[in-house]
Each structure stands twice: as structure tokens, then as C-alpha cells.
Amino acid sequence: NGLRDNNEPGLGGVYIYVDLDGDDRPDIGEPAAITRDDGTFSLTPPSAGTFAIREVVAPGFIQTFPAAGEYIVNFTGAPLRGIDFANQPARDYGD
């Protein structure tokens, strides 16, 4: 249904990154992390400021959350919390 249920596991192996230049794609030198098996990750922007946090959607999946495809965060040095991306398997009905 595109929403994470309480008993639904996270997705491991997803590439998450800080989009420093706002081009909607990961670049060399941009901070990045790969999600653990439970879907959690640790990511630190390079300095205080406002940044976009994005994911690379794996083939065979579509991103369902956040609607904008990214989180805009104001990083102050404190750990980033509440950043949760949602994906679901893409469906091809053979049309």
C-alpha cells in the first residue's frame, strides 16, 4: 500500500546520499551510506547547513515516500533522525 507497517522490515543495501550540489544524483565526494539489513543508516553532512538527503532507487522498485523524493534537512551537528524512505516493488502488468 506504499506505507510502512509496524511489523514491516526495512530494506538493506540501499544507497543514501547527501546531494551537495542539488543535481538529484550521487557524485564523487558526496557523503553516502548503504542501509543495513534493517533499513537503518548513518549519514553525516560535511558541515552545518541545509542539505537534501536522497536515495538511489534500486532497479525493480519505485519510491513511495517522501513524495518529493528527498528530505531537506537543516544539519546542526546533531544526529539526523526520522529520515525514512519507502519503496515498493514495481509491477509490470505486461501491457
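From a predicted model like this one, the values you see are computed outputs, not experimental measurements.

Reading the values: rules and limits
Residues numbered from 1 in each chain as written. Predicted model: local features only at pLDDT ≥ 70, side-chain atom pairs only at ≥ 80, totals over all residues. Heavy atoms only, no water. Helix = DSSP H or I, 4+ residues; strand = E, 2+ residues; numbered from the N terminus. Buried < 20%, exposed > 50% of the residue type's maximum accessible area, 1.4 Å probe, protein only. Patch = residues over 30% accessible without salt bridge, like charges linked within 9 Å, V, L, I, M, F, W, Y side chains within 5 Å. Areas by Shrake-Rupley, 256 points an atom, 1.4 Å probe, with all protein chains shown as cover. Salt bridge = Lys/Arg side-chain N within 4 Å of Asp/Glu carboxyl O. Polar contact = N/O pair within 3.5 Å; in protein donor to acceptor, adjacent residues only side chain to side chain. Contact = heavy atoms within 4.5 Å. 1 Å grid on protein atoms, 1.4 Å probe; cavity = no way out; pocket = protein on both sides within 12 Å on 5 of 7 lines; lining within 4 Å. Points joined across faces, edges and corners; volume = space filled by probe spheres on them. Nonpolar A, V, L, I, M, F, W, Y, C, P; charged D, E, K, R; others polar. Core = buried A, V, L, I, M, F, W, Y, C linked by side-chain atoms within 4.5 Å. Pairing = 2+ DSSP bridges. Axes fitted to C-alpha atoms, helices over the stretch in contact; angles between N-to-C directions.

## Digging into the environment of proline 9
Phase 1 of the analysis: Relative to the assigned elements, proline 9 resides in the segment before strand 1 (15–18).
Phase 2 of the analysis: A relative accessible area of 66% places proline 9 in the exposed class.
Phase 3 of the analysis: Sequence separation of proline 9 and aspartate 38 is 29 residues, and the distance between their C-alpha atoms is 6.2 Å.

## A closer look at a nonpolar patch on the surface
Phase 1 of the analysis: A surface patch of nonpolar side chains, amounting to about 240 Å² of accessible area, comprises Tyr15, Ile34 and Val56.
Phase 2 of the analysis: Of note, isoleucine 34 is situated in strand 2 (residues 32–34).
Phase 3 of the analysis: With relative accessibility at 48%, the residue isoleucine 34 sits in the partly exposed group.

## A short note on the side chain of threonine 35
Phase 1 of the analysis: Residue position: threonine 35 is located in the loop between strand 2 and strand 3 (49–56).
Phase 2 of the analysis: Looking at threonine 35, the relative accessible area reads 8%, which means it is buried.
Phase 3 of the analysis: Among the polar contacts made by the side chain of threonine 35, one reaches the main-chain amide nitrogen of valine 14 at a distance of 2.9 Å.
Phase 4 of the analysis: When sequence neighbours within four positions are dropped, the list of residues in contact with threonine 35 reads Leu11, Gly12, Gly13, Val14, Ile16, Thr40 and Phe41.

## Here we look at empty space enclosed by the protein
The rolling of a water-molecule-sized probe over the atoms marks out the regions of remaining empty space.
Phase 1 of the analysis: Under the criterion given, the structure shown has 1 cavity of 30 Å³ or more.
Phase 2 of the analysis: In this structure, the largest cavity encloses a volume near 30 Å³.
Phase 3 of the analysis: In terms of lining residues, the largest cavity is bounded by Leu11, Val14, Glu55, Val56, Val57, Ala58, Phe61 and Asn87.
Phase 4 of the analysis: Residue composition of the lining of the largest cavity, by class: 6 nonpolar, 1 polar and 1 charged.

## Focus on the nonpolar core
Phase 1 of the analysis: If you look at the biggest cluster of nonpolar residues, it comprises 13 residues, and the most contacted ones within it are Ile16, Leu43, Ile53 and Ile83.
Phase 2 of the analysis: Among the secondary structure elements, those contributing two or more residues to this core are strand 1, strand 3 and strand 5 (70–75).
Phase 3 of the analysis: A total of 3 residues in this core trace back to one element, the largest contributor, which is strand 5.
Phase 4 of the analysis: Leave out the neighbours within four places in its chain, and leucine 43 touches Ile16, Tyr17, Val18, Pro31, Ala32, Ala33, Ile53 and Leu80.

## Thoughts on the sheet that holds strand 1
Phase 1 of the analysis: Taken in spatial order, the 4 strands line up as 2-1-3-5 in an open sheet, and their pairing is antiparallel. On the outer flanks of this sheet lie strand 2 and strand 5, each paired with one strand and no other. Averaged over all neighbouring strand pairs, the angle between strand axes comes to 25°, with direction disregarded.
Phase 2 of the analysis: Across 6 bridges, strand 3 lies against strand 5 in antiparallel orientation. Considered in strand 5, the bridge of phenylalanine 51 is made with valine 73.

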